[in-house]
Amino acid sequence: MSGFKSVDTITDDFPNDGKAANCSRLDDDKQHHSRTLLIDNYDSYSNILAHVIAECQDNSSLPLTVRNDAISVSDIRFLVKEHLIDRIVISPGPGTPSSGICDSGVVDALLNAKDELVRGVPIFGVCFGFQAIAFRYGWDVVRARHPKHGEVSEVTVKEEEDKEESRRGGLLFKGVPRVFNATRYHSLEALFPGKRKEAEKEVRGEEELVALAWADVVESEKENGGGGGGGEEGGTVMALRHKVYPQYGVQFHPESICTEPHGKTIVKNFMDIADAYWKEKRGEMEEEEEGNETTTTISEERKTVLMKLVNASRETQDKKSSNKSSNKKQKKSAYRLHAREVSLLDSPTRSEDVFRTLFSDKKNAFWLDSATADGSSGTNDSNGDNDTPRGRFSVMGCQGGPLWRRVEARMNGKLVVMNNQDEIVKSYHHGGNGSILEYMDEELKRFNVSEENFATCIVDEVNAVKDGESVKGLPEALLFACGFVGSLSYETREECDSPIFFANDSSSNSNTMVKAALYFVDQAVVVDHEKKMVYAMTLTEDGPETEDLFEALEWLATTTLDINRSLLNKVKHVADEMPKKTVVTQNCTQLAESIGFKWRDDKEEYMEKIKTSQERILDGHTYEVCLTNALTRRDVGAYKQTRHLYRELYYALRERNPAPYAAFFDFSNGAGEEKAHFSDMYVCCASPERFLRCDQNGNLEAKPIKGTIARVEPLGCAEDVKAVRDLQTSVKDNAENLMIVDLLRNDLSLACEVGTVKVPGLLKIESYRTVHQLVSTVVGTLPSTSSGENHAEGNADDDDKRISPIRAFQFAFPPGSMTGAPKYRTTQIIHELENEQPREMYSGSVGFWSCRNKAFDANVVIRSVTYKDGEMKIGAGGAITRLSDPLEEWGEVELKARRIVETVAEVERKLEREREIKDYSSYA
Ligand SMILES: C=C(O[C@@H]1C=C(C(=O)O)C=C[C@H]1O)C(=O)O
Ligand SMILES: NC(=O)CC[C@H](N)C(=O)O
């Protein structure tokens, strides 16, 4: 597998980048502050494990986390000797310990270290880590008889009291019921060598490991603790310990949401065992080490690097706690938000009317559309299981005022920025590596709208609100206060922890591909569906009455007039023109082909790829693969015609497939400079899935979807209700979802404060026009310094140290529901299976990144049709697990693409008819 870093380099992209190194030894009182080294085997659950460890450590400090190829045994020896670490946790991970360095990096050498100092360090291995320990002591690590991914099993713990273990300060399972539930993610298992076939049996020394717990135990074996050492006729070994060294391992995942609360107890028990061990051993070891100065053989340079990491992780923690109370003075923001409001009360007006009246014929129009909440079209057809509103605000606009920008980033690092006069103001390779996320972060820092400004933003009432209170100021729940809106492609992942390797790197195709298309918006219209209000807002430079300010106020006045016009001017809706239901007898593929589309992988090819994905799963390389396919069509139409088509397409799509995170973007490129520098694109998206939202206070929320079942007409009938039940009880769908929930917990953990990552909603049903979905909610909170008042300070030094909301986005991107887990390895597998084809906007994220404290709300781009430079594209896919049936998965892909394909077919038919009538009348 390409892309793995070498063993003896510590990566500079380590998230805890620290200050200048300080090689001094720790003060004595900190010395025995148990420090854990977490070796991350490129897993997608390591960050949650880090949080669990932090919760178990005295001062909630995070472990020192290092990838398995970024540290050497000599490094570890140095850290132990300097009392900088005194226990090691080996994370889960893809692959097998039997592959040696390839999958396990330093782990293999660590477990095989000869010197007592390193051998003596207490070690706790999780899943891959567990298997690595077993492998080290001669067990076999082979394909499991009962592979499980995201499934919860009963684990039975050996009951007898173990004197040796108690001596070390307690048992690994102290306080855990004898039989408890734990989540498993493994394809391989550790088998006791004695159980191997006679012919293969090797002569080995005394057994060094003791099995402590089992799963998959048949009833008759429960009596004797689960089948001895584990083996063909026994259960699957779930926990082990070494007889002499304080080394422990568990095959299940203690950090999974479904192993709570026992997972944490087990980790804490390991910590206690390690503490007790050191109490007894430190003195002894030190004496031995006295005369043995040769054991740490790393260079001064290397020591500096290691100290930098240690200090950085310590600092992160200190910073988190100390900055909480700091109440630094706010520097005044240089930009100001102005707004006016129009009431929609007593009016049947919908956001579609507002968009059509104000922006339908405008250049660079966009619409972040909470379509499910939009008046009559928004039949919020949830079955009541999850009644929270799925989208309260819609944001729309077009080419705006003096601060407005059009931005496009390419894969080759090029960034082009155009102003509202159609002049290119910037065209460069940003920061040397073209980081669009960095660019956005910097710009949002510059344009920050302080909380004070947001709260006191004067909102002129246009229509006095009669009944009920009149609203003063913008609603607190509104995160958007101008800022970036747009679309980040799936390939933006190259700026995240998900490197891309194109075999044909030099091909101009991969280089000039659009990575991101955005507008920096300084004028926008916001519809509040809940309060039935419309706001026009604009961002201006703060200061005395400038011409810009005058123009901004004038824009507010004319825009509110236009909004009023949309109240009177009842526009034609798609709903009025199109049949609600079409009777199409062709299947999705036939229909798509009949209008000129072609799948990238036809049914046979796709099913073959599903099988390959499953092979990779069974080999232990991945637990779940979100595989996707794409329908494409070459479509070079006249500019005007294309613009018209995509607007009509979007109106129809939102009507026929209302979704809470829907969006329309006109990224067409007109003429002149714009044509010369920008791609010609449209995004029409009816996504039901929120990727990530961050509010003004740094509270993050992800709502991953996994589990899809078709609805049965008439909606709500007994069969339709049965479909909900089937989805709720499906082992496969529940497992898929749990895997992604744990993945998202992991992805939020990297940025969030320890103890804040929670799952307030697990496996809830949401129902849409054509499908029921299983949805979960994962939340977390950024350290308080990263949000709130401090942003306005503009103090670069301070700001750089904080985890900005965009960094949190970057840590979590690409959406885990579109990759599967573990993300790092799985995205590589996907890249290979999808013929190294970029997914482009599909699978990426559309949303806003606001000037209000960098709050953002971004979806997962699915159920979409996109257009770029002459190609129309509809992506669709689904999560593949060991339990997937290839034929059913193909059906799911067709199901997801179907409504989009139907909509394209219908709209084109309608436009064709209109053209014929027009031609006919002009002829007549
Ligand atoms: C890949 C798609 O959807 C993703 C996969 C889902 C699933 O496997 O059930 C559900 C929602 C999305 O996260 C798609 O719609 O194209
Ligand atoms: N979660 C894990 O660590 C998995 C370990 C190993 N790759 C397996 O599949 O069994």
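Residues numbered from 1 in each chain as written. Chains lettered and ligands numbered in written order. Predicted model: local features only at pLDDT ≥ 70, side-chain atom pairs only at ≥ 80, totals over all residues. Heavy atoms only, no water.

### Some thoughts on the overall build of the chain
Along the chain, the regular secondary structure elements total 27 helices and 34 strands. A total of 924 residues make up the chain; the buried ones form 62% of that total. When contacts within the chain are restricted to residue pairs at least 6 apart in sequence, long-range pairs at least 24 apart make up 80% of them. When the accessible surface of the chain is split by element, carbon and sulfur atoms take 50% of a total near 34,600 Å². (Helix = DSSP H or I, 4+ residues; strand = E, 2+ residues; numbered from the N terminus. Buried < 20%, exposed > 50% of the residue type's maximum accessible area, 1.4 Å probe, protein only. Contact = heavy atoms within 4.5 Å. Areas by Shrake-Rupley, 256 points an atom, 1.4 Å probe, with all protein chains shown as cover.)

### Points about the site of ligand 2
Inspection of the region around ligand 2 gives 14 residues, with Gly93, Gly95, Cys127, Tyr185 and Leu188 positioned closest. Contacts to ligand 2 include Gly95, whose backbone N or O atom sits 2.6 Å from a nitrogen atom. Interatomic distance of 2.8 Å between a backbone N/O atom of Leu188 and an oxygen atom of ligand 2. Out of a free accessible area of 290 Å², ligand 2 has 100% covered by protein chains. Of all the elements in the fold, those that place two or more residues in the shell around ligand 2 are helix H7 (128–136) and strand E6 (179–191). Sort the elements by how many residues they give to the shell around ligand 2 and E6 lands first, with four residues. In the shell around ligand 2, the residues fall into seven nonpolar, seven polar and no charged. (Near = heavy atom within 4 Å. Polar contact = N/O pair within 3.5 Å; in protein donor to acceptor, adjacent residues only side chain to side chain. Nonpolar A, V, L, I, M, F, W, Y, C, P; charged D, E, K, R; others polar.)

### Regarding the side chain of Glu840
Along the chain, Glu840 turns up in the loop between helix H26 (823–833) and strand E31 (845–850). Side chain to side chain, Glu840 and Lys868 meet in a polar contact 2.9 Å long. Those residues in contact with Glu840, other than ones at most four positions away along the chain, are Ser489, Tyr490, Glu491, Met513, Lys868 and Lys873.

### Looking at the pairing of strand E34 (residues 871–880)
E34 sits mainly inside the fold: nine of its 10 residues count as buried. Sheet topology places strand E22 (residues 624–634) next to E34; 10 bridges connect them, and they run antiparallel. Across the sheet, the residue bridging to Leu631 is Ile874, located in E34. Two strands pair when backbone bridges link them, and strand E33 (residues 864–868) and E34 are joined in this way by three bridges, in the antiparallel orientation. Considered in E34, the bridge of Tyr867 is made with Met872. (Pairing = 2+ DSSP bridges.)

### What to know about the site of ligand 1
Around ligand 1, the structure places 18 residues, and the nearest of them are Glu689, Lys706, Thr708, Tyr842 and Arg863. Taking Gly707, its main chain carries an N or O atom lying 3.0 Å from an oxygen atom of ligand 1. Thr708 places a polar side-chain atom, nitrogen or oxygen, 2.8 Å from an oxygen atom of ligand 1. For ligand 1, the protein covers 100% of the area, taking 390 Å² as the surface of the free molecule. Of all the secondary structure elements, the ones that give two or more residues to the shell around ligand 1 are strand E27 (705–710), E34 and helix H27 (886–923). Classifying every residue of the shell around ligand 1 gives seven nonpolar, five polar and six charged.

### Focus on the domain arrangement of the chain
The assigned domain composition of the chain is domain 1 (30–197 + 204–322) and domain 2 (335–373 + 390–574 + 588–698 + 782–916). The partner domain 2 presents 18 residues to the 20 residues of domain 1 that form the contact. Summed over the shared surface of domain 1 and domain 2, the number is five salt bridges. Here Arg882 ties to Glu151 by a salt bridge, and the two come within 3.0 Å at their closest N and O atoms. Seen at the junction of domain 1 and domain 2, the total is 10 residue pairs in polar contact (both at pLDDT 80 or more). Among the elements of the structure, strand E5 (140–157), E6 and helix H11 (300–325) are those that each provide at least two residues to the side of domain 1 that touches domain 2. Of all the elements, E5 adds the most residues to the side of domain 1 that touches domain 2, at five residues. Considering only residue class, the side of domain 1 that touches domain 2 consists of seven nonpolar, five polar and eight charged. (Domains from an automatic or database assignment. Salt bridge = Lys/Arg side-chain N within 4 Å of Asp/Glu carboxyl O.)

### A look at the packing of helix H12 (residues 351–359) against helix H20 (residues 639–656)
Viewed as axis vectors pointing N to C, H12 and H20 meet at an angle of 170°, and their least axial separation amounts to 12 Å. Considering the angle they form, H12 stands roughly antiparallel to H20. Of H20, the residues touching H12 (which contributes Ser351, Glu352, Phe355, Arg356 and Phe359) are Arg647, Tyr651, Arg654 and Glu655. When the residues that make up the contact of H12 with H20 are grouped by side-chain class, the tally is three nonpolar, one polar and five charged. (Axes fitted to C-alpha atoms, helices over the stretch in contact; angles between N-to-C directions. Parallel < 35°, antiparallel > 145°, perpendicular 65-115°, else oblique.)

### Details of the confidence of the model for the chain
Averaged over every residue, the pLDDT of the chain is 84; the share at 70 or more is 80%. Ignoring residues within four places in sequence, the model shows residues 224–232, a span with pLDDT below 50, making 27 contacts including any to other chains. Throughout residues 462–471 the model reports pLDDT below 50, and contacts reaching past four residues in sequence, or to other chains, amount to 21 contacts. Both confidence scores are given for the complex: pTM 0.90, ipTM 0.98. (pLDDT = per-residue confidence, 0-100.)

### A short note on the sheet that holds strand E1 (residues 36–40)
With mixed pairing, nine strands are arranged side by side in an open sheet as E2-E1-E3-E4-E9-E8-E7-E5-E6. The open sheet has two free edges, formed respectively by strand E2 (64–67) and E6, since each of these has just one partner strand. When strand polarity is set aside, the average angle formed by the axes of neighbouring strands in this sheet is 20°. Where helix H2 (residues 46–56) meets the sheet, its contacts fall on E1, E2, strand E3 (87–90) and strand E4 (123–126), and the angle it forms with E1 comes to roughly 170°.

### Remarks on the nonpolar core
Of all hydrophobic cores here, the largest spans 99 residues; its most connected members are Leu337, Ile436, Phe480, Met537, Leu539, Phe665 and Trp849. Residue-level mapping places this core at the junction of two domains, with at least three residues from each of domain 1 (30–197 + 204–322) and domain 2 (335–373 + 390–574 + 588–698 + 782–916). The contacts of Leu539, once residues within four sequence positions are left out, are Tyr335, Arg336, Leu337, Leu403, Phe447, Val449, Cys482, Phe520, Asp522 and Cys851. Among the nonpolar cores identified, the runner-up in size contains 58 residues, and Ile563, Met607, Leu645 and Trp890 belong to it. (Core = buried A, V, L, I, M, F, W, Y, C linked by side-chain atoms within 4.5 Å.)

### Details of the state of the cysteines
Counting across every chain of the model gives zero disulfides. In this structure Cys694 is not part of a disulfide, and its nearest cysteine sulfur, from Cys752, lies 8.4 Å away. (Disulfide = S-S within 2.5 Å.)

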